[in-house]
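# Working through the structure, step by step
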Amino acid sequence: MDYKLIDLNIHGDNRGKLIALESNKDVPFEIKRIYWIYDTLPNEERGHHSHPNMKQLVVAMDGSCEFELDDGYSKVNITLNRPDLGLYIGKNIWRVMKNFSYGCKLMVLASDYYDESEYIRNYDKFLNEVKNA
Ligand code: T46
């Protein structure tokens, strides 16, 4: 499955910590968009879609949440709970985000501009896409 957890490089000193992310260096693609997700209640799920062309890197800036990733053949569950841990998600991966802690803040870096027509929001269509990829 095309995903990986990336330990982000921390620049720390006695004042605190700083993390910087650069395209094609710390993040394995050219960053075209940044968005963040916050105020999601613990009983809510997000996602339930895949992207045939887009790659993303997700960081839990505060709090925690769980990502269920599915490439059509197997599934993994990943907990994001540190601002120095990035979850890279490649193309054609169905994602479900759940178990948000109160106050969870997710920052997402994306390899492309927002385009709703690029989303696959139907699971059977996703499986079809994966088999024909
Ligand atoms: C993803 C996961 C991790 C925009 O107008 N522009 C944007 O750049 C985005 C990302 C969303 N939107 C609008 C579209 C919907 O009306 O914001 C609304 C909520 O989006 P969505 O239901 O797709 O949110 P999530 O949390 O289910 O999924 C998001 C990303 O959309 C998706 O690409 O991989 O986070």
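Residues numbered from 1 in each chain as written. Predicted model: local features only at pLDDT ≥ 70, side-chain atom pairs only at ≥ 80, totals over all residues. Heavy atoms only, no water.

### Brief notes about the nonpolar core
Ranked by size, the top nonpolar core spans 17 residues in total, and within it Val58, Phe67, Leu69, Leu80, Leu87, Ile89 and Leu106 carry the most contacts. Sorting the residues of this core by element identifies β6 (56–62), β7 (65–70), β8 (75–80), β9 (85–89) and β11 (105–110) as the ones contributing at least two each. Sequence-distant contacts of Leu106, that is, excluding residues within four places in its chain, are made with Tyr35, Trp36, Ile37, Val58, Val59, Ala60, Cys65, Phe67, Met97 and Phe100. Formed by 8 residues, the second largest nonpolar core is a distinct cluster that contains Leu8, Val27, Phe29 and Tyr88. (Core = buried A, V, L, I, M, F, W, Y, C linked by side-chain atoms within 4.5 Å. Buried < 20%, exposed > 50% of the residue type's maximum accessible area, 1.4 Å probe, protein only. Helix = DSSP H or I, 4+ residues; strand = E, 2+ residues; numbered from the N terminus. Contact = heavy atoms within 4.5 Å.)

### Some points on the side chain of Asp70
You can see Asp70 is positioned in strand β7. No salt bridge is formed by the buried Asp70; the nearest opposite charge belongs to Lys75, separated by 4.3 Å. A distance of 2.7 Å separates the side chain of Asp70 from the backbone nitrogen of Gly72, its partner in a polar contact. With residues up to four places along the chain from it excluded, the contact list for Asp70 reads Met1, Lys75, Asn92, Ile93, Trp94, Tyr123 and Phe126. (Lys, Arg positive; Asp, Glu negative; His and termini not counted. Salt bridge = Lys/Arg side-chain N within 4 Å of Asp/Glu carboxyl O. Polar contact = N/O pair within 3.5 Å; in protein donor to acceptor, adjacent residues only side chain to side chain.)

### As for the site of the ligand
Taken together, the neighbourhood of the ligand is formed by 13 residues, with Arg33, Arg46, His51, Gln56 and Tyr119 sitting nearest. Between the ligand and the protein, one listed contact pairs an oxygen atom with a side-chain N or O atom of His49 at 3.3 Å. Here Arg95 contributes a side-chain N or O atom positioned 2.7 Å from an oxygen atom of the ligand. About the coverage of the ligand: the protein hides 69% of its 660 Å² of free accessible area. At the level of elements, β4 (33–37), β5 (46–49) and β10 (94–98) are the ones that each hand at least two residues to the shell around the ligand. (Near = heavy atom within 4 Å. Areas by Shrake-Rupley, 256 points an atom, 1.4 Å probe, with all protein chains shown as cover.)

### Thoughts on the sheet that holds β11
Across the sheet, 5 strands lie side by side as β1-β9-β6-β11-β4; this open sheet has antiparallel pairing. Where the open sheet ends on each side, the last strands, each with one partner, are β1 (3–7) and β4. Going across the sheet, the axis of each strand differs from the next one's by a mean of 25 degrees, ignoring polarity. (Pairing = 2+ DSSP bridges. Axes fitted to C-alpha atoms, helices over the stretch in contact; angles between N-to-C directions.)

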